[in-house]
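Working through the structure, step by step
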Amino acid sequence: DGGITQSPKYLFRKEGQNVTLSCEQNLNHDAMYWYRQDPGQGLRLIYYSQIVNDFQKGDIAEGYSVSREKKESFPLTVTSAQKNPTAFYLCATKGGTEAFFGQGTRLTVV
Amino acid sequence: EDQVTQSPEALRLQEGESSSLNCSYTVSGLRGLFWYRQDPGKGPEFLFTLYSAGEEKEKERLKATLTKKESFLHITAPKPEDSATYLCAVLGNSGYALNFGKGTSLLVTP
């Protein structure tokens, strides 16, 4: 089955806890992205990576961290510094003329 | 800075009632305009990429068109299963990631 796999689908975080969201792709795309989606706000860019071992901050990177050790993987860590982490997180890849999304992870602070 | 504005925010149609969704944009050098469909709780599903004014693409009941300032997503004879949020995004010369509008929520009633 090809595409982008995000896991878990649902994630609950306690106050002060770091959590990591997984994003794996088998599309052989170089570019990968993390977006956050909140009701009424559209998709906002957190981080992106154009190649392995390189990544750049997006518009709302504070409180988040990423790594890109393999072409296939781009995990996102939501740290305790992110004060309002409850949201729907989407991973995307881009290759050529198309950009595809995973099915998302819904993170809730409890 | 790239900007994308979608209108209307919400649209309700009767089954078979054709209409159009609008995506207005400002961008420094358009490298691509993207349309997506998003169902509740799911990741966006890629529909089209348009690159230059005058370009048109079709898929089933959907047709996307592009001018130098806006794109339209025309929905012909919609069915209830076309109900979803439709997202527009642009990729410009100044950025490496897609910049999204807030979307249009479409409801098609029988």
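Data block above holds the structure.
Source: prediction; values computed, not measured.

1. Some remarks on the overall build of chain A
Along the backbone of chain A there are zero helices and 11 strands. Of the regular secondary structure in chain A, the N- to C-terminal order runs β-β-β-β-β-β-β-β-β-β-β. Radius of gyration (C-alpha) of chain A: 13 Å, near the 13 Å computed for a compact globule of 110 residues. Viewed in the frame of its principal axes, chain A has a C-alpha envelope of about 40 × 25 × 25 Å. For chain A, restricting intrachain contacts to residue pairs at least 6 apart in sequence, the fraction spanning at least 24 positions comes to 51%.

2. Comments concerning the packing of aromatic side chains
A full pass over the atoms with the stated rule returns 12 aromatic pairs over all chains. Between Phe100(A) and Phe46(B), the aromatic rings sit 5.7 Å apart at their centres with planes inclined by 65°, giving edge-to-face as the arrangement. Linking Phe100(A) in strand S10 (residues 98-101) with Phe46(B) in strand S5 (residues 45-50), this pair reaches from one chain into another. Judged by its relative accessible area of 27%, Phe100(A) falls in the partly exposed class. With a centroid separation of 5.4 Å and an interplanar angle of 85°, the aromatic rings of Phe101(A) and Tyr36(B) are classed as edge-to-face.

3. Notes on the nonpolar core
Residue and element names in this part refer to chain B. Of all hydrophobic cores here, the largest spans 22 residues; its most connected members are Leu33, Trp35, Leu73 and Tyr86. Elements represented by at least two residues in this core include exactly strand S2 (10-14), strand S3 (19-26), strand S4 (30-38), S5, strand S7 (62-66), strand S8 (70-75), strand S9 (84-92) and strand S11 (104-109). Residues in contact with Leu73, not counting those within four places in the same chain, are Ser19, Ser20, Leu21, Trp35, Phe48, Leu62, Lys63, Ala64 and Tyr86.

4. Observations regarding the side chain of Arg13(A)
All names here are of chain A. Looking at the element boundaries, Arg13 is found in strand S2 (residues 10-13). No salt bridge is formed by the buried Arg13. Its closest oppositely charged neighbour is Glu15, at 4.8 Å. A polar contact is formed between the side chain of Arg13 and the backbone oxygen of Thr79, at a distance of 2.8 Å. Not counting chain neighbours up to four residues away, the residues in contact with Arg13 comprise Val19, Val78, Thr79, Ser80, Gln82, Pro85, Leu107, Thr108, Val109 and Val110.

5. Structural notes on the pattern of salt bridges
For the coordinates displayed, the defined rule picks out seven salt bridges over all chains. Close ionic contact of Arg36(A) with Asp38(A) constitutes a salt bridge, the shortest N to O distance being 2.8 Å. Note on Arg36(A): relative accessible area 4%, which makes it buried. A salt bridge links Lys63(B) to Glu56(B); its shortest N-O distance comes to 3.3 Å. Members of the salt-bridge network, linked through shared partners, are Arg36(A), Asp38(A) and Arg44(A).

6. What about the pairing of S9(B)?
Residues and elements named next belong to chain B. For S9, the tally of buried residues reaches eight of nine residues, placing the bulk of the element in the interior. Here eight bridges tie S4 to S9, and the two strands are oriented antiparallel to one another. Each bridged residue has a counterpart across the sheet, and for Phe34 the counterpart in S9 is Ala89. For S9 and strand S10 (residues 99-100), the ladder comprises two bridges, and the chain directions are antiparallel. Note on S10: the bridge partner recorded for Val90 is Asn99. Here S9 folds back onto S10, and the loop between the two strands holds six residues.

Analysis parameters
- Residues numbered from 1 in each chain as written.
- Chains lettered and ligands numbered in written order.
- Predicted model: local features only at pLDDT ≥ 70, side-chain atom pairs only at ≥ 80, totals over all residues.
- Heavy atoms only, no water.
- Helix = DSSP H or I, 4+ residues; strand = E, 2+ residues; numbered from the N terminus.
- Rg over C-alpha atoms; globule rule 2.2 N^0.38 Å.
- Contact = heavy atoms within 4.5 Å.
- Phe/Tyr/Trp six-rings, centres within 6.5 Å; stacked < 30°, edge-to-face > 60°.
- Buried < 20%, exposed > 50% of the residue type's maximum accessible area, 1.4 Å probe, protein only.
- Core = buried A, V, L, I, M, F, W, Y, C linked by side-chain atoms within 4.5 Å.
- Lys, Arg positive; Asp, Glu negative; His and termini not counted.
- Salt bridge = Lys/Arg side-chain N within 4 Å of Asp/Glu carboxyl O.
- Polar contact = N/O pair within 3.5 Å; in protein donor to acceptor, adjacent residues only side chain to side chain.
- Pairing = 2+ DSSP bridges.

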